[in-house]
Protein chains: 2
Amino acid sequence: MSAMDGLSYVSPVEIEKKSFEIISEELGEHNFNPTEELVVKRVIHATADFDYATLMSFTDHAIEAGIAALQKGATVVCDTTMVAAGINKRVLESFGGEVRCFIADPDVAAEARDRDVTRSAVAMERATSLSGPLVFAIGNAPTALVRLIRMIEHDVIAAPALVIGVPVGFVNVVESKELAIAAPVESIVSRGRKGGSTVAAAIVNALLYQASGGRREAR
Amino acid sequence: MSAMDGLSYVSPVEIEKKSFEIISEELGEHNFNPTEELVVKRVIHATADFDYATLMSFTDHAIEAGIAALQKGATVVCDTTMVAAGINKRVLESFGGEVRCFIADPDVAAEARDRDVTRSAVAMERATSLSGPLVFAIGNAPTALVRLIRMIEHDVIAAPALVIGVPVGFVNVVESKELAIAAPVESIVSRGRKGGSTVAAAIVNALLYQASGGRREAR
């Protein structure tokens, strides 16, 4: 902010640098490897919630699989437009990738009503029409995560490169994430009730910034 | 989710109803009035973080001012496209209101670079061109909240109907919110570091649902 704003002046670039220094200091000891640590720190940066240092769960090759897919121009399938809005399109598109979100499609809403399921679940089924490497980013609806995992288990859809499963809430959320962790697919999950669109977008962006060798757009 | 998904079946409408029952039970005693309580519960619904029960701060007439403005077709000015994406447009537009977000305007980015301030701060200045009742929803950038408050204090912009100030982070975030609480404007703030786009959108939606008499779109 400018001097006239009266608070200690910090430039845009310095704000993020200083933020991550504070996060590193308060995070202290942990068992994440360096690439996982970058993801966890960006989630904490997006939430100011250090609980994620204990909640975040990564399968063995989740991050390398996600980064490789993004570098190949993967399509990032989001459960909500909020997640899609939070993803750094400039970096994603620099690899030839794009964001897709089917939740707002009129036919998705109609089918969800007819079947009395969530629009989020039906939207995941629409992803079977996509080709090329896929990264799923689910930050809102446990029904979307469960539907995706069941489609993978039943070979309705080929296992994507990575499933980011961070729905938030109180009904079937914890269970949906444990299903994801146990499924035959690389996953990044926030155990428990916590998560959300900002967490999902932060994870995608953390992978994008690693994929681009640490290049970072100013915020 | 459907029976084949294997978890206990809960219909979309039941998911939210059951979620709020759990939130009410775990929230327990509090000092919020009934309209504030609806806002706090929707924030907890969006974050699964009960810290907000102690962090949320409301000026005396914040909620009635926000609801009245939304019922008059207020423009909701957001600091990020994520906040804009999370707002229930169907309900907002049913009152004749709309969402505006200037952050992605090319001239905003250019001016921010020239002045070495954040795009968020410059985007707030663009709101001076808007007419009619305004509700600001700031979920990301403390620089946006501080710039807005300073513009109000210096009569650069007329005091809006409501300022929702829930930026998240580690640098100047706490201070920006205390500035907002002390400013001559109705405000809803999450004290401390926590907040975010999902929190800002949840607050706007909680006001929209109260403005529409509790009507609620299925998710």
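None of the values given here were measured: they were computed from a predicted structure.

**A few points about the relation of the copies chain B and chain A**
- For these two chains of identical sequence, chain B goes onto chain A by a turn of 180° and a shift of 0.0 Å along the axis, with RMSD 0.0 Å. These values place the two chain copies in the arrangement generated by a two-fold rotation axis. In terms of proximity to the rotation axis, the leading residue of chain B is Met 82 of chain B, whose C-alpha is 2.6 Å off the axis.
- The fraction of interface residues of chain B whose copies in chain A are also interface residues reaches 100%, indicating that both copies meet through the same surface.

**Some thoughts on the pattern of salt bridges**
Residues and elements named next belong to chain A.
- Per the counting criterion, the structure on display carries 28 salt bridges over all chains.
- Notably, a salt bridge pairs Asp 107 with Arg 126, separated by 2.8 Å at the nearest N-O pair. Of this pair, Asp 107 sits in helix α7 (residues 106–115) while Arg 126 sits in helix α8 (residues 119–126), and the two are 19 residues apart along the sequence.
- Asp 107 gets classed as partly exposed once you look at its relative accessible area, which sits at 40%.

**Quick notes on the environment of Leu 145 of chain B**
Residues and elements named next belong to chain B.
- Its place among the elements puts Leu 145 in helix α9 (residues 142–153).
- As a C-alpha pair, Leu 145 and Ala 121 span 24 residues in sequence and 7.8 Å in three-dimensional space.
- Beyond its immediate chain neighbours, meaning those up to four positions away, Leu 145 contacts Ile 138, Val 163, Gly 165, Pro 167, Ser 176, Lys 177 and Ala 180.

**Structural notes on the interface of chain B and chain A**
- Counting from both sides, the interface comprises 55 residues of chain B and, opposite them, 55 residues of chain A.
- For the pairing of chain B and chain A, the buried interface totals around 4,400 Å² over both sides, and the portion due to carbon and sulfur atoms is 63%.
- If you look at where chain B meets chain A, you find four salt bridges.
- The partner of Lys 194 of chain B in a salt bridge is Asp 49 of chain A, and the shortest N-O contact between them spans 3.8 Å.
- Where chain B meets chain A, there are two residue pairs in polar contact (both at pLDDT 80 or more).
- Only α1 (12–27), α2 (34–47), α5 (81–86), α9, α10 (173–182) and α11 (197–211) of chain B provide two or more residues apiece to the side of chain B that touches chain A.
- In terms of residue count, α1 of chain B provides more of the side of chain B that touches chain A than any other element does, seven residues in total.
- Its residues assigned to classes, the side of chain B that touches chain A comprises 24 nonpolar, 18 polar and 13 charged.

**Structural notes on unusual backbone geometry**
All names here are of chain A.
- Phi is positive for Asp 155, close to 55°, though the residue is something other than glycine.
- Relative to the helices and strands, Asp 155 is located in the loop between α9 (142–153) and β5 (162–165).
- On the basis of relative accessibility, which here comes to 68%, the residue Asp 155 falls in the exposed class.

**Points about empty space enclosed by the protein**
- Tallying each qualifying case throughout the model produces one cavity of 30 Å³ or more.
- Space inside the largest cavity adds up to approximately 120 Å³.
- Taken together, 15 residues make up the lining of the largest cavity; nearest its centre are Thr 47, Tyr 52 and Gly 195 of chain A together with Thr 47 and Tyr 52 of chain B.
- If you list the elements that add at least two residues to the lining of the largest cavity, you get α11 (197–211) of chain A together with α2 and α11 of chain B.
- Partitioning the lining of the largest cavity into residue classes produces five nonpolar, six polar and four charged.

**A word on the state of the cysteines**
- Counted under the stated rule, the structure contains zero disulfides over all chains.
- Between Cys 78 of chain A, a free cysteine, and Cys 101 of chain A, which holds the nearest cysteine sulfur, the sulfur-to-sulfur gap is 6.1 Å.

**Quick look at helix α1 (residues 12–27) of chain A**
- Helix length check: α1 of chain A, at 16 residues, gives a terminal C-alpha distance of 23 Å against a target of 22 Å (1.5 Å per residue), a fit within 8%.
- When α1 of chain A is considered as a whole, its buried residues turn out to be Pro 12, Ile 15, Glu 16, Ser 19, Phe 20, Ile 22, Ile 23 and Leu 27 of chain A. One face of α1 of chain A carries all of its buried residues, which in axial projection span an arc of 160°. In α1 of chain A, the exposed residues that point more than 90 degrees away from the buried face are Val 13 and Glu 25 of chain A.
- In the core, the buried residues of α1 of chain A are packed alongside α2 (34–47) and α3 (52–55) of chain A together with α9 of chain B.
- Positioned one or two residues after α1 of chain A, Gly 28 of chain A has a phi angle of 65°, which is positive.

**Things to note about the pairing of strand β4 (residues 134–138) of chain A**
All names here are of chain A.
- Counting buried residues in β4 gives five out of five residues, a clear majority hidden from the surface.
- Of the two faces of β4, both are covered, the one formed by Leu 134, Phe 136 and Ile 138 as well as the one formed by Val 135 and Ala 137.
- Strand direction decides the pairing type here: strand β2 (residues 75–78) and β4, joined by four bridges, are parallel. Within the sheet, the bridge partner assigned to Val 77 lies in β4 and is Phe 136.
- Bridge count between β4 and β5: four bridges; the pairing is parallel.

Rules used throughout
Residue numbers here run from 1 along each chain, matching the order of that chain's written sequence. Whichever chain is written first becomes A and whichever ligand is written first becomes 1, with later ones labelled in order. Totals for whole chains, interfaces and linings use all residues, but because this is a predicted model, local features are given only for residues with pLDDT of at least 70 and pairs of side-chain atoms are given and counted only at 80 or more. The side-chain quantities take in all heavy atoms of the structure and omit both hydrogens and water. Superposing copies: least-squares fit, C-alpha atoms only, residues required to have pLDDT of at least 70 in both. In this analysis, two residues are considered to be in contact whenever any of their non-hydrogen atoms come within 4.5 Å of each other. Here a salt bridge means any side-chain nitrogen of Lys or Arg lying within 4 Å of a carboxyl oxygen belonging to Asp or Glu. Strands are runs of DSSP state E lasting at least 2 residues, helices are runs of H or I lasting at least 4, and numbering of each runs from the N terminus. Only protein chains enter the accessibility calculation, which uses a 1.4 Å probe; a residue whose area is less than 20% of its type maximum is buried, one above 50% is exposed, and one in between is partly exposed. Accessible area that two parts lose when put together, with a 1.4 Å probe and added across both, is what the buried area reports. Any pair of nitrogen or oxygen atoms within 3.5 Å is treated as a polar contact; in protein, a donor-acceptor pairing is required on top of that, and neighbouring residues in sequence qualify only through side-chain atoms on both sides. Classification used: nonpolar for Ala, Val, Leu, Ile, Met, Phe, Trp, Tyr, Cys and Pro, charged for Asp, Glu, Lys and Arg, polar for all others including Gly. Buried and open spaces are told apart on a 1 Å grid over the protein atoms alone, a cavity being a set of points where a 1.4 Å probe fits but cannot get out and a pocket being an open set with protein on both sides within 12 Å along at least five of seven lines. Residues with an atom within 4 Å of a point are the lining residues. Grid points are joined across faces, edges and corners, and a volume is the space filled by probe spheres set on the points. To count as a disulfide, a pair of cysteine sulfur atoms needs to be within 2.5 Å. One less than the number of residues in a helix, times 1.5 Å, gives the span that helix is expected to have. The directions considered for the arc run from the helix axis to the C-beta atoms. A pair of strands counts as paired when DSSP detects no fewer than two bridges linking them.

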